[in-house]
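Given next are the chains, with one letter for each unit.
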Amino acid sequence: MPDNSGERDRTLGMGAKITRRDFLNGVALTAGAAIIPPEMWAAVAADLQSSPGYYPPAKTGLRGDHAGSFETMHQIRDAAFWDSAPRPVDTGEVYDLVIVGGGISGLAAAHFHRKAAGEKGRILILENHDDFGGHAKRNEFKAGNRTILGFGGTFSIESPEPYSPVARGLIEELGIDVPSYAKHVDKNLYPALGLKSRIFFDKETFGADTLVVNAAHTGSDESGLGNGDVEKDLQNFLSEAPLSAAAKQDFQRLIAGDKDYFPGLTSDEKKARLARMSYAEYLSDVVGTSEEIVKLFQALPHPLFGVGIDAVAAQDAWGLGLPGFEGLRLDPAPGKGMNRDSIPNEEAEKYFFHYPDGNATIARLLVRKLIPAAIPGNSATDVVLAKADYSKLDEASSHVRIRLNSTVVKVVHNGDPKAPVSSKNEVEVSYFNEKKVKTVRAANCILACWHVVIPYIAPELPDTQKEALASCQKVPLLYNNVLVRNWSAFQKLGTSSIYCPGMYHSRVNLDLPVSIGGYECTKKPDEPIVVHMMKAACKPGRPAREQHRLGRIQLYTTTFETYERNIREQLGRMLGPGGFEPARDILEITVNRWPHGYSYEYNSLFDQFWLEGGETPCSVARKPFGRIAIANSDADAYAYTDCAIDQAYRAVGELAKGSA
Ligand SMILES: Cc1cc2nc3c(=O)[nH]c(=O)nc-3n(C[C@H](O)[C@H](O)[C@H](O)COP(=O)(O)OP(=O)(O)OC[C@H]3O[C@@H](n4cnc5c(N)ncnc54)[C@H](O)[C@@H]3O)c2cc1C
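Residues numbered from 1 in each chain as written. Predicted model: local features only at pLDDT ≥ 70, side-chain atom pairs only at ≥ 80, totals over all residues. Heavy atoms only, no water.

## Brief notes about the site of the ligand
And step 1. Near the ligand there are 36 residues, and of these Glu-127, Asn-128, His-135, Trp-450 and Thr-641 occur at the shortest range.
And step 2. Taking Ser-156, its main chain carries an N or O atom lying 2.9 Å from a nitrogen atom of the ligand.
And step 3. At a separation of 3.4 Å, a nitrogen atom of the ligand approaches a polar backbone atom of Ala-639.
And step 4. The protein chains hide 99% of the 980 Å² of surface that the ligand would expose on its own.
And step 5. Secondary structure elements with two or more residues in the shell around the ligand: helix 4 (104-117), strand 9 (407-413), strand 12 (475-484), strand 16 (586-598) and helix 26 (641-659). (Near = heavy atom within 4 Å. Polar contact = N/O pair within 3.5 Å; in protein donor to acceptor, adjacent residues only side chain to side chain. Areas by Shrake-Rupley, 256 points an atom, 1.4 Å probe, with all protein chains shown as cover. Helix = DSSP H or I, 4+ residues; strand = E, 2+ residues; numbered from the N terminus.)

What follows is the structure, given as structure tokens:
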């Protein structure tokens, strides 16, 4: 057979110059030890936050958990760090509080501590990535003279439960006027051009590459911009979808949903059954739909759960509004063991705000409060275009310092954890930065990092607590931002949002049209725009935690070249009929890889305690120990910004009580 790969690569534009393709991406990473040759470490270390031009938001290529951020921690996990680690160097620095992790939880903890302790509270935040914000990551692109923003992770202010008074209070204190969101979003932009949410049926899964209107309105449209005429959409779907006649009948039966599949059971009994079977099992074994329908719905829960319908309880699918439950006539109250994401709450739904860089703006507003010189301006709108000065983040004269590229490797009390603080009785924090192990001391420490990390860096914690911390298997996700020359292919194909159940990325969306603080979103189809592509790295058919573990390995071991190829191929296939040419139309790619993504949320299929009652692992995991407290959204097993804030507040309060 002739080898056409060269021609194929040219069509995809694989040889195209993508401005800063990360040179480390080609390094072979094994699932266990990720070994970076020493000469490459030097290059990583040379990228200092104080150097002129240091500006991580503008980096493209492989971001999120980027090369240089995770290798140290993986070596510690594999017991391969300390034997060859350089001798620790005492920096002589002493703080009131050291915070491990510069995500929203760590930054909020610094803010709450400053409010309680006032100016005397000197704080150091240590973060292993080259940027602050954790999952709340800003991606910047240049198209000519224009700056185009994207969200690399945490997308918006939203939560299935209303924000607590503490979290809401912080959002208000930062100046974010959540109810003003309607002023900034152009809700009519895409509908006015006739763009709808659509489903891409791929030929490997469904027999033919076909783009069809999303008649089920099944969650492919994260923009909330609406789809239009329901009845007409259904007719178009039924005539165009490459499904068998039987599957189309099943589809209609599901949408109509008037059959009671559990006659004779009470509403509670029905919910109890639904809580113990997956939605995939419900569809195939109870409703009796064809395999095609299961495949069609498989990826629907990806954005919320990071797994497909094989690992999401049917009761949760009911809560999310997926079809097939109407005829059961269930009492609308949440059932026992429902996932918190599946419990609808209208009050919570009203509290929504999306910045062009997502909740990176919250992180930036917090940094501005903590270190005003680092981010100019004074409002929650002017911050959108404000350029952060990273050289100001770690100045000796500042009360709050943020040190990037610093992986914390050990946190121990150097005296009795229960005794009052003194120079002989502090917390000693060691971190790896610039190829050195360095130590600082502090009266208190907050671990606002991922909980799976803590057992490896805080050896004093009791074993039961370490076990609980380790059970938080974060949900691996890929959030890719692709800058394209224009979106005329989307316009021609009549879509702004595509659900792709059989493809590498299960969601492809045009950026939400938000203009704020002088930032103008793209309004015309011939202008450049960021296309957001999302993948949940999962392995259907296994328990959720196992899927997350395998997905994490997949994300760490995939090279940028493969990510890029998958992006180009998928966009080419889906948008080609609209005139899209990957080689010509893709200008930049940023792959935000989050092997440790969402906090794990409990699931009635796999977590007995959640269904039957009992102590939750997160309540054991977050217990303070001496002068070490524990924050992060993992601390309440709830993957939302309000949780990260609430848990920071609790951790600060616990330390204050301890020292009172
Ligand atoms: C792709 C994605 C999309 C999301 N979208 C939303 C959304 O739309 N709305 C929402 O409310 N929530 C969303 N979330 C959930 C998000 O996790 C929370 O909202 C919030 O940003 C979590 O903040 P955090 O500080 O608890 O954790 P993180 O943001 O994870 O911050 C923890 C930090 O600790 C660092 N760290 C880990 N180990 C070490 C170490 N040894 N030394 C130093 N630092 C360390 C990590 O690198 C990280 O930067 C999303 C998450 C992801 C992954």
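## So, the packing of aromatic side chains
And step 1. Under the criterion given, the structure shown has 28 aromatic pairs.
And step 2. Ring geometry for Phe-353 against Tyr-355: centres 4.8 Å apart, planes inclined by 50°, an arrangement best described as tilted.
And step 3. Phe-353 sits in the buried class, given a relative accessible area of 2%.
And step 4. Taken together, the aromatic side chains of Phe-201, Phe-206, Phe-237, Phe-251, Tyr-261, Phe-262, Tyr-279, Tyr-282, Phe-297 and Phe-325 make up a single cluster linked through ring pairs.
And step 5. One cation-aromatic arrangement involves Arg-340 over Tyr-638; the distance from NZ or CZ to the ring centre is 3.8 Å.
And step 6. Positioned above the aromatic ring of Tyr-504, the side-chain terminus of Lys-535 is 4.1 Å from the ring centre. (Phe/Tyr/Trp six-rings, centres within 6.5 Å; stacked < 30°, edge-to-face > 60°. Buried < 20%, exposed > 50% of the residue type's maximum accessible area, 1.4 Å probe, protein only. Lys NZ or Arg CZ within 6 Å of the ring centre and 35° of its normal.)

## What about the environment of Val-286?
And step 1. With respect to the helices and strands, the residue Val-286 is situated in helix 12 (residues 279-287).
And step 2. Here Val-286 falls in the partly exposed class, since its relative accessible area comes to 23%.
And step 3. Note: C-alpha distance between Val-286 and Phe-262 (24 residues apart in sequence) is 8.7 Å.

## Quick notes on unusual backbone geometry
And step 1. In this model, Glu-434 sits at a positive phi of 50°, which is unusual for a non-glycine residue.
And step 2. Relative accessible area serves as the criterion here: at 36%, Glu-434 is assigned to the partly exposed category.
And step 3. The phi dihedral of Asn-632 is positive, around 85°, even though this residue is not glycine.

## Quick look at helix 9 (residues 230-240)
And step 1. All of the buried residues along helix 9 are Asp-233, Leu-234, Phe-237 and Leu-238. One side of helix 9 holds all its buried residues, which, seen down the axis, span an arc of 130°. In helix 9, the exposed residues that point more than 90 degrees away from the buried face are Lys-232 and Ser-239.
And step 2. Elements that come into contact with the buried residues of helix 9 comprise strand 6 (196-201), strand 7 (210-213), helix 10 (245-256) and helix 13 (291-297). (Arc of directions from axis to C-beta. Contact = heavy atoms within 4.5 Å.)

## Some thoughts on the packing of helix 9 against helix 10
And step 1. Packing of helix 9 against helix 10 leaves a shortest axis separation of 10 Å and a crossing angle of 160°. In terms of orientation, helix 9 and helix 10 fall into the roughly antiparallel class. Crossing handedness for the pair helix 9 and helix 10: right-handed. Where helix 9 abuts helix 10, its residues Leu-234, Phe-237, Leu-238 and Ser-239 lie against Lys-248, Phe-251 and Gln-252. (Axes fitted to C-alpha atoms, helices over the stretch in contact; angles between N-to-C directions. Parallel < 35°, antiparallel > 145°, perpendicular 65-115°, else oblique. Left-handed = near helix turned anticlockwise from the far one by under 90°.)

## Details of empty space enclosed by the protein
And step 1. Considering all chains together, one arrives at four cavities of 30 Å³ or more under this definition.
And step 2. Considered as a void within the structure, the largest cavity measures approximately 120 Å³ in volume.
And step 3. Sorting the residues of the lining of the largest cavity by element identifies helix 14 (302-305) and helix 21 (544-557) as the ones contributing at least two each.
And step 4. A class-by-class count of the residues in the lining of the largest cavity yields nine nonpolar, four polar and two charged.
And step 5. There is about 70 Å³ of room inside the second largest cavity.
And step 6. Considering the residues around the second largest cavity, the lining is formed by 13 residues, among which Cys-472, Tyr-602, Cys-618, Asp-634 and Ala-637 are closest to the centre.
And step 7. The set of elements that each furnish at least two residues to the lining of the second largest cavity consists of helix 19 (463-470) and helix 25 (617-621).
And step 8. In terms of residue count, the dominant contributor to the lining of the second largest cavity is helix 25 (three residues).
And step 9. For the lining of the second largest cavity, a count of residues per class yields nine nonpolar, two polar and two charged. (1 Å grid on protein atoms, 1.4 Å probe; cavity = no way out; pocket = protein on both sides within 12 Å on 5 of 7 lines; lining within 4 Å. Points joined across faces, edges and corners; volume = space filled by probe spheres on them. Nonpolar A, V, L, I, M, F, W, Y, C, P; charged D, E, K, R; others polar.)

## So, the pattern of salt bridges
And step 1. Applying the stated criterion to the full structure yields 37 salt bridges.
And step 2. As a salt-bridge pair, Asp-260 and Lys-270 come within 3.0 Å of each other at their nearest N and O atoms. With Asp-260 in the loop between helix 10 and helix 11 (267-275) and Lys-270 in helix 11, this pair connects stretches of sequence that are 10 residues apart.
And step 3. For Asp-260, a relative accessible area of 27% gives the class partly exposed.
And step 4. A residue is classified by how much of its surface remains accessible, and Lys-270, at 5% relative accessible area, is buried. (Salt bridge = Lys/Arg side-chain N within 4 Å of Asp/Glu carboxyl O.)

## What about the nonpolar core?
And step 1. Counting residues in hydrophobic clusters, the biggest one holds 78 residues, and the most contacted among them are Ile-99, Ile-157, Ile-171, Ile-176, Leu-393 and Ile-446.
And step 2. Each residue touching Ile-171, except ones within four places of it in the same chain, is listed here: Ile-157, Tyr-163, Ile-176, Val-178, Tyr-351, Ile-362 and Ile-645.
And step 3. The next biggest cluster of nonpolar side chains, apart from the first, holds 39 residues, and it includes Ala-241, Leu-243, Phe-297 and Trp-318. (Core = buried A, V, L, I, M, F, W, Y, C linked by side-chain atoms within 4.5 Å.)

## A closer look at the packing of helix 1 (residues 5-12) against helix 22 (residues 560-575)
And step 1. With their axes 10 Å apart at the nearest point, helix 1 and helix 22 run at an angle of 75° to one another. Between helix 1 and helix 22, the angle falls in the class roughly perpendicular. Residues Arg-8, Asp-9 and Leu-12 of helix 1 pack against Arg-565, Arg-568 and Glu-569 of helix 22.

## Points about the sheet that holds strand 7
And step 1. Sheet architecture is open: eight strands sit in the order 1-16-12-15-14-13-6-7, paired in mixed fashion. Every other strand in the sheet has two partners, leaving strand 1 (61-64) and strand 7 as the edge strands with one partner each. The average undirected angle you get between the axes of adjacent strands in this sheet is 25°.
And step 2. One ladder, built from eight bridges, connects strand 12 with strand 15 (residues 529-536); its direction is antiparallel. (Pairing = 2+ DSSP bridges.)

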